[in-house]
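Per-entry structural report
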Amino acid sequence: MSEAAVTQPGRLPAEVDAAEVDAAVVGGGPAGLSAALCLARFNREVLVFDTGHGRSTHHQTNHNYLGFPGGIATTELRKLAAEQLAAHPHARVAHHHITRAEGDARHGFTLHAQGHRWHARTIVLAMGVLDHFPHFPDWRAYVGRSMFWCIACDGYENRGRSILVAGHTDAAAGEAMQLHALTDRVRLLTNSRHDTISPRYRRRLEAAGIPVVHDRIKEAEGQGGMLSAIVTRDGRRLELDALFSIQGATPETAVARSLGVDLTATGYVRVDSEQQTSVPGVYAAGDVTSLHSHQVSAAVHEGAQAAAAANYFLYPPELKVD
């Protein structure tokens, strides 16, 4: 990559294709940025592909990450991490959506995005997941403020409040039961044509006094990202303080599948304890692996582990102990 190709640290012009780098990191969230930073500190040439989407771009405040009393907005955490990475001149960021990749560790990998291509000796996949949030007018404004997807992330801040759980499965029923340990004001809205909650979980919900409403969301009432009520298609008005969406998520695995990487039965990228996939030279980290709970702390750990493994993979034989 020529110096003329770089307009400012950490940024790569859209029209420039990079020469081969040591590692390409697909994803600019906590896992991807952690991997990129660690690889850069191993003095590796790193190229990060960041589309600016994903869970860490919502309005959520993260209260679980050590070292931030009072929490830190995930967008601010991304910003700080990007600034940290930009201090390493051999790390670059390209705002392209990688659609596919091919190759192997012996000959190198090629990554593609809308007429552009890049070459890398190793790849770290950190594309995350696509959450299936309820869709209603202006729904995005509520995500991370009063509409959540994770009890470990946001349950504590909602203790004692009126919570509506959206979901039609046993997983949603289980989440409602867990939230009931934090507040006795919990209801479940299926938000689907289907209601697949099993009799066993329905009995548990009934015993806990958690009502089940089989209806779908039409619109929401609220201001400044804070929900006050949900209006259903049948005309019910359900007042609430917070909505927990337990409608599932789809791992972003298109690039992994193009590389022939093994997936788990649930569709996530299969990795070992060092974040290695089934394809030599390809690693994965963060929510796309579902190896650990979907937490920023887990994503940062997995990104760092993937970077360490990728760096070791890149060493010549005389520097390896195995």
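Residues numbered from 1 in each chain as written. Predicted model: local features only at pLDDT ≥ 70, side-chain atom pairs only at ≥ 80, totals over all residues. Heavy atoms only, no water.

**A word on the pattern of salt bridges**
Within this structure, the stated rule accounts for 12 salt bridges. Measuring nitrogen to oxygen at the nearest pair gives 2.8 Å for the salt bridge that ties Glu 239 to Arg 237. Overall, the relative accessible area of 45% leaves Arg 237 in the partly exposed class. Taken together, the salt bridges that share partners define one network made up of Arg 55, Asp 131 and Asp 287. (Salt bridge = Lys/Arg side-chain N within 4 Å of Asp/Glu carboxyl O. Buried < 20%, exposed > 50% of the residue type's maximum accessible area, 1.4 Å probe, protein only.)

**What to know about the environment of Cys 38**
Structurally, the position occupied by Cys 38 is in helix α1 (residues 30-41). Judged by relative accessible area, which is 25%, Cys 38 ranks as partly exposed. Distance in space between the C-alpha atoms of Cys 38 and Ala 308 is 7.3 Å, their sequence separation being 270 residues. Beyond its immediate chain neighbours, meaning those up to four positions away, Cys 38 contacts Ala 304 and Ala 307. (Helix = DSSP H or I, 4+ residues; strand = E, 2+ residues; numbered from the N terminus. Contact = heavy atoms within 4.5 Å.)

**Section: the domain arrangement of the chain**
The domain architecture assigned to the chain consists of domain 1 (20-130 + 249-319) and domain 2 (134-246). Look at where the C-alpha atoms of domain 1 and domain 2 centre, and you get two points 32 Å apart. Each partner contributes residues to the interface: domain 1 has 9 residues there, and domain 2 has 11 residues. Together, the buried faces of domain 1 and domain 2 total about 900 Å²; carbon and sulfur atoms form 51% of this surface. Across the domain 1-domain 2 interface, the total number found is 0 salt bridges. Viewed at the interface, domain 2 and domain 1 are joined by 3 residue pairs in polar contact (both at pLDDT 80 or more). The residue inventory of the side of domain 1 that touches domain 2, partitioned by class, reads no nonpolar, 8 polar and 1 charged. (Domains from an automatic or database assignment. Buried area = accessible area lost by both parts, 1.4 Å probe. Polar contact = N/O pair within 3.5 Å; in protein donor to acceptor, adjacent residues only side chain to side chain. Nonpolar A, V, L, I, M, F, W, Y, C, P; charged D, E, K, R; others polar.)

**A word on the UniProt feature "domain: FAD/NAD(P)-binding" (unreviewed entry) in the chain**
Within this numbering scheme, the UniProt entry marks residues 22-303 as carrying the feature "domain: FAD/NAD(P)-binding" (unreviewed entry). Along residues 22-303, the helical share is 22% and the strand share 28%, with 16 Å between the first and last C-alpha atoms. (UniProt positions renumbered as here; feature names shortened; annotations may be inferred.)

**Notes on the pairing of strand β7 (residues 108-113)**
The element β7 is largely enclosed, with a buried count of 6 among its 6 residues. In β7, alternate side chains face the same way, and those of Gly 108, Thr 110 and His 112 on one face and Phe 109, Leu 111 and Ala 113 on the other are all buried. Direction of pairing for strand β6 (residues 100-104) relative to β7: antiparallel, over a ladder of 5 bridges. What sits directly across from Arg 100, in β7, is His 112. Here β6 folds back onto β7 in antiparallel fashion, the turn holding 3 residues. Inspection of the sheet shows β7 paired to strand β8 (residues 116-125) by 5 bridges, in the antiparallel sense. Paired with Phe 109 across the strands is Ala 120, a residue of β8. (Pairing = 2+ DSSP bridges.)

**A few points about the nonpolar core**
Counting residues in each nonpolar core, the largest one holds 25 residues, and the members touching the most others are Phe 49, Ile 98, Leu 111, Ile 123, Leu 125 and Leu 259. Secondary-structure elements contributing two or more residues to this core are β1 (21-26), β2 (46-49), β7, β8, α6 (254-258) and β19 (282-284). Examining the composition of this core, we find that 4 residues originate from one element, β8, more than from any other. Here Leu 111 is in contact with Ala 24, Val 26, Phe 49, Ile 98, Arg 100, Ala 101, His 116, Arg 117, Trp 118, Ala 120 and Ile 123, once residues within four sequence places are set aside. With 23 residues, the next largest nonpolar core counts Leu 37, Leu 85, Val 124 and Ala 310 among its residues. (Core = buried A, V, L, I, M, F, W, Y, C linked by side-chain atoms within 4.5 Å.)

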